[in-house]
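# Remarks on the overall topology
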Amino acid sequence: MEAEHHAIWEKDGTLVDITPPINGKQRILFLPDPTQTYDFASQKRRINIKRNSGVFSSVDGWIAAADRLQQAIEDNSTGNQVTLQRSYLSALGRDIQNSLAAVFVDLARATRPNDPCFCTSGKKFKKCCGPLVQLYP
């Protein structure tokens, strides 16, 4: 689960989300937190809040890697300008890929061959992502 801070404008008693939508999201659940305000002076974004549902412990590694990347971007940005060494950014990206691979393996281990594939293709796991992962007992 991931919570992202959104910019909200109140107009005639109605809350309007002015944060640009990403990834085609149609619906968003809002949980207002009046104690949180946007830092207009430094234009720093808040790190998304992520929580593991507890199914796979490998998700904790992915969350930590994603948070390190977000924090590095915020620590090295002013407004829309980010200054990071390419090698450092690449290392952070590799950490995310490796931790996501561990989640992928956990998902594959928990999926039976005739189950629907977890990638939501609609195919059976054995005909979709199953051949991409070799699991050893």
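Here's what I pulled together on the structure shown here. (Residues numbered from 1 in each chain as written. Predicted model: local features only at pLDDT ≥ 70, side-chain atom pairs only at ≥ 80, totals over all residues. Heavy atoms only, no water.)

## Some remarks on the overall build of the protein chain
To be explicit about the condition: Helix and strand labels come from DSSP, where a helix needs a run of H or I of at least four residues and a strand needs a run of E of at least two; each type is numbered from the N terminus. Each radius of gyration is computed over the set of C-alpha atoms, and the globule rule expresses the reference value as 2.2 Å times the number of residues to the power 0.38. Exposure categories follow from relative accessible area, calculated using a 1.4 Å probe and restricted to protein chains: below 20% of the type maximum is buried, above 50% is exposed, and the middle band is partly exposed. The contact rule is simple, with two residues in contact once any of their heavy atoms fall within 4.5 Å.
Along the backbone of the protein chain there are two helices and six strands. Ordered by position from the N terminus, the helices and strands of the protein chain form the series β-β-β-β-α-β-β-α. At 19 Å, the protein chain has a C-alpha radius of gyration far larger than the 14 Å of a compact globule built from 137 residues. Counting the 137 residues in the protein chain, one finds 19% classified as buried. Partitioning the contacts of the protein chain with sequence separation of at least 6, the portion at a separation of at least 24 is 43%.

## Points about the side chain of asparagine 48
Selection rule: Whenever two N or O atoms come within 3.5 Å, that pair is a polar contact, provided that in protein one can donate a hydrogen and the other can accept it, and provided that, for residues adjacent in sequence, both atoms are side-chain atoms.
Along the chain, asparagine 48 falls in the loop between strand E3 (14-17) and strand E4 (49-50). Reaching out from asparagine 48, the side chain makes a polar contact with the side chain of glutamate 2 at a distance of 2.7 Å.

## Description of the pairing of E3
Regular strands have side chains that alternate between both faces of the sheet. The condition is simple: Pairing between strands requires that DSSP locate at least two bridges from one strand to the other.
Across four bridges, the pairing between strand E2 (residues 8-11) and E3 is antiparallel. Residue lysine 11 lies in a different strand from E3, and its bridge partner there is threonine 14. Counting the residues between successive antiparallel strands, the hairpin from E2 to E3 contains two residues, one of them, aspartate 12, with a positive phi of roughly 50°.

## Quick word on a nonpolar patch on the surface
Threshold: Residues enter a patch when their relative accessible area is above 30% and they make no salt bridge; the linking distance is 9 Å between like charges and 5 Å between nonpolar side chains (Val, Leu, Ile, Met, Phe, Trp, Tyr). Here the Shrake-Rupley method, with its probe set to 1.4 Å, supplies the accessible areas, and only the displayed protein chains count as covering residues. Between Lys or Arg on one side and Asp or Glu on the other, a salt bridge is scored when a side-chain nitrogen of the former is within 4 Å of a carboxyl oxygen of the latter.
Among the surface-exposed residues, Ile8, Leu15, Ile28 and Phe30 lie close enough to one another that they form a single nonpolar patch of about 350 Å² accessible area. Given the relative accessible area of 38%, phenylalanine 30 is considered partly exposed.

## Thoughts on the pattern of salt bridges
Evaluated as defined, the whole model comprises three salt bridges. With its nearest N and O atoms 2.5 Å apart, the salt bridge here joins aspartate 67 to lysine 50. A residue pair is termed long-range when its members are at least 10 positions apart, and aspartate 67 in helix H1 (residues 58-75) and lysine 50 in strand E4 qualify at 17 residues. Two residues, arginine 112 and aspartate 115, come together in a salt bridge whose shortest N-O distance is 3.4 Å. On the basis of relative accessibility, which here comes to 58%, the residue arginine 112 falls in the exposed class.

So yeah, pure geometry; function would need other evidence.
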